[in-house]
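Structure assessment
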Amino acid sequence: MLKETFTVMRDLPRVREIVAILIRHGLGNLVQKLGLNKGLERAGDLLHLPGEHEIEQLDPAVRVRRALEQLGPTFIKLCQVLATRVDMFPSEWIAEFEKLQSDVPPLDFALLLPELQQALGTDPYTIFRELDPTPIGSASIAQVHRAQLQDGTEVVLKIRRPGIIPKIEADLRVLRHIAALAEFEFPDLRRYQPVRIVDEFAKSLRRELNLSTEARNLERFVQNFAGHHEIEIPDIWWEWTCDSLNVQRYVGGIAGNDLAAVDAAGMDRKVLAARGADAVLKMVLIDGYFHADPHPGNVKYLDGNRIAFLDFGMVGRLPHPRRDQIVDLLAALSQREEYGILNVLLEWTGDTVVDEEKLAADIADFMFNYENLPLKEIPFGRVLNDIAVITREHEITLPSDLTLLFKALITLDGLARQLDPEFQMVAHLTPFVKEVILARLSPKTLFKHGKENLVEAFHLLSGLPRDFGKLIKQARRGHLKVDLDLKRLDHFGGQMAKSANRLTMGIVTGALIIGSSIAMTIKTGPTLFGMPLLGFLGFVIALINALWLMFAIWVSSKEER
């Protein structure tokens, strides 16, 4: 395993750096269990780095967050993804991961100019009348600068940091190695499929590295909110947008966390909270395409109580079947139907075997906590957290799209409550849930589903003669095979084989004893110790067989215990 992990020698310096940072943050035990130190010793790098005493006194969640922060852009992004996994980590770990922001010290604009010129294919100052060298945002992947087109239009340029791709690709290779080691060394982690999580993270991060991906996301949201004048989505200038550059309209307004400025501008907080919630719920339940991180830094408040959403690098997608499940869950929550919640959670278990009776009992306890509360007073964010706790206790690993959704809804609930402490998410959910359910039961939708089912049934029936023909031909040629996966039958067959072998050995041993006894009465032929040789050898072999039988029976009885 280690040999396979560290054959890529080009990544070894980065592995050494990662190990050093983990040990420095008091995570040496993790390094040892993963065997990373052994791999480095084989490469000739002996590490004896003690953890700092002050850091070792901190909670594990704090130490892990600090280590990931020091490891750089890839691990910062990973930490932000882990903050969405409410089904894997308890609330204190999630809260710690949420502290990790991707803000990093800005690069000198002179270092970005070659990247910008290559992306534009010409001198930037021929396109932009003004170009502010002071960044208005500096993240791990890109840096943001304000600019002005020749016609005076205010835009922002998201410029990818130069040389970042090779480093991130190296980190992703190392991360996958670590995930494979963790899956091998820690059986309890296998149900979370660390390798699969890293693979999905790598796919998402590569999409985010391509800044034109965010531009396509923006375009989709612009279409979805056409006619909704209370919601602003920045426009894209495609002629200058590419994988390393994103040019979009500058959005002014008040930052989402500047509540004092909101009050000073005379804006209505209640209206802002309601419009923000309605916009995200429309994204989730109607469009199936939602902003996955609607925190205050990605929101601005504009005149007329309008809301602008920014930074669409991370979005979530919900196919129709998943949206139906979400609607069923929300409907069951609003109507306090325990059976409805149980059915949805069982659909999310996949191949995981769960104790349905215990799951039902835990759901009943969960619902009891909110039994006497009026519907409008149910704390939605806490409800979602409680559901996440139930899934974690029953080892139900949520699909990746649901983890993003849960995180987005919890973040949205917190943002809305900051604006309006009396905000009740359930009151805003109910109209959307009713609209989706009515749309699902409309004659048009029922006709469409009925037509799809009829077409599927027709294809199935029309294919039956051909399938039966193939089956008969295979049977005639002797190629018909029936595969049965009967583990208990296999076990029973194995036990029968063992018993037959022991019975055979017992019969042979008995025959040897009888034959040897007869041979002992014959006085002619070779002797050993004054006894007929054949008879003596027969008794020795019978003794060995008897001892083997007794040992085999003893071992079998130990295994059954």
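Residues numbered from 1 in each chain as written. Predicted model: local features only at pLDDT ≥ 70, side-chain atom pairs only at ≥ 80, totals over all residues. Heavy atoms only, no water.

**Notes on the pattern of salt bridges**
Using the criterion set out here, one finds 18 salt bridges in the structure. Its salt-bridge partner being Arg146, residue Glu154 comes within 3.2 Å of it at the nearest N-O pair. A residue is classified by how much of its surface remains accessible, and Arg146, at 26% relative accessible area, is partly exposed. With a closest N to O distance of 3.2 Å, Asp362 and Lys358 form a salt bridge. Of this pair, Asp362 and Lys358 both sit in helix 17 (residues 356-368), four residues apart, which is roughly one turn of the helix. Taken together, the shared-partner salt bridges connect Glu232, Asp235, Arg249 and Arg306 into one network. (Salt bridge = Lys/Arg side-chain N within 4 Å of Asp/Glu carboxyl O. Buried < 20%, exposed > 50% of the residue type's maximum accessible area, 1.4 Å probe, protein only. Helix = DSSP H or I, 4+ residues; strand = E, 2+ residues; numbered from the N terminus.)

**Looking at the packing of helix 2 (residues 12-24) against helix 6 (residues 60-71)**
A pair of packed helices is characterised by two quantities: the angle between their axes and the separation of those axes. For the pair helix 2 and helix 6, the least separation of the axes is 9 Å and the interaxial angle reads 150°. Taken together, the axes of helix 2 and helix 6 are roughly antiparallel relative to one another. Here helix 2 runs over helix 6; the crossing is right-handed. Contact residues: helix 2 offers Arg14, Ile18, Ile21, Leu22 and Arg24, while helix 6 offers Ala67, Gln70 and Leu71. Its residues placed into classes, the contact of helix 2 with helix 6 shows five nonpolar, one polar and two charged. (Axes fitted to C-alpha atoms, helices over the stretch in contact; angles between N-to-C directions. Parallel < 35°, antiparallel > 145°, perpendicular 65-115°, else oblique. Left-handed = near helix turned anticlockwise from the far one by under 90°. Contact = heavy atoms within 4.5 Å. Nonpolar A, V, L, I, M, F, W, Y, C, P; charged D, E, K, R; others polar.)

**Comments concerning the sheet that holds strand 9 (residues 299-302)**
Across the sheet, which stays open at both edges, the four strands sit in the order 5-10-9-7 with mixed pairing between neighbours. Only two strands of the sheet have a single neighbouring strand rather than two, namely strand 5 (231-232) and strand 7 (254-255). Looking at chain direction, strand 9 and strand 10 (residues 306-309) are connected through four bridges and run antiparallel. Residue pairing for strand 10: Tyr301 is matched across the bridge by Ile307. Strands in contact with helix 14 (residues 269-287) are strand 5, strand 9 and strand 10; relative to strand 10, the strand with the most contacts, it is inclined by about 45°. (Pairing = 2+ DSSP bridges.)

**Some details on the pairing of strand 3 (residues 142-149)**
Of all the eight residues making up strand 3, seven are buried; the element is thus mostly covered by neighbouring parts of the structure. Bridge analysis of strand 3 against strand 4 (residues 154-160) gives seven bridges, and the strand direction is antiparallel. Within the sheet, the bridge partner assigned to Ala142 lies in strand 4 and is Arg160. The turn linking strand 3 back onto strand 4 is made up of four residues, and Gly152 within it adopts a positive phi angle of 90°.

**Focus: empty space enclosed by the protein**
According to the stated counting rule, one finds five cavities of 30 Å³ or more in the structure shown. Taken as a whole, the largest cavity holds about 80 Å³ of empty space. Around the largest cavity sit Leu272, Ala273, Gly276, Ala277, Val299, Tyr301, Ile307, Phe309, Leu412, Leu415, Ala416 and Leu419, which together line it. Listed by contribution, the elements that provide at least two residues to the lining of the largest cavity are helix 14, strand 9, strand 10 and helix 19 (400-419). Tallied by class, residues from the lining of the largest cavity come to eleven nonpolar, one polar and no charged. (1 Å grid on protein atoms, 1.4 Å probe; cavity = no way out; pocket = protein on both sides within 12 Å on 5 of 7 lines; lining within 4 Å. Points joined across faces, edges and corners; volume = space filled by probe spheres on them.)

**So, the environment of Leu68**
Counting through the fold element by element, Leu68 comes out in helix 6. When neighbours within four sequence positions are excluded, Leu68 is seen to be in contact with Phe75, Ile76 and Cys79.

**Looking at the layout of surface pockets**
Each pocket or cavity is described by its volume, and for the second largest pocket that value is around 1000 Å³. For the second largest pocket, the lining is made up of 31 residues, of which Leu30, Val64, Leu82, Phe89 and Leu189 are closest to its centre. Broken down by secondary-structure element, the contributors of at least two residues to the lining of the second largest pocket are helix 2, helix 3 (28-34), helix 6, helix 7 (73-82), helix 8 (91-98), helix 10 (164-185) and helix 11 (194-209). Here the lining of the second largest pocket takes six residues from helix 6, the largest share from any one element. In the lining of the second largest pocket, the residues fall into 28 nonpolar, two polar and one charged.

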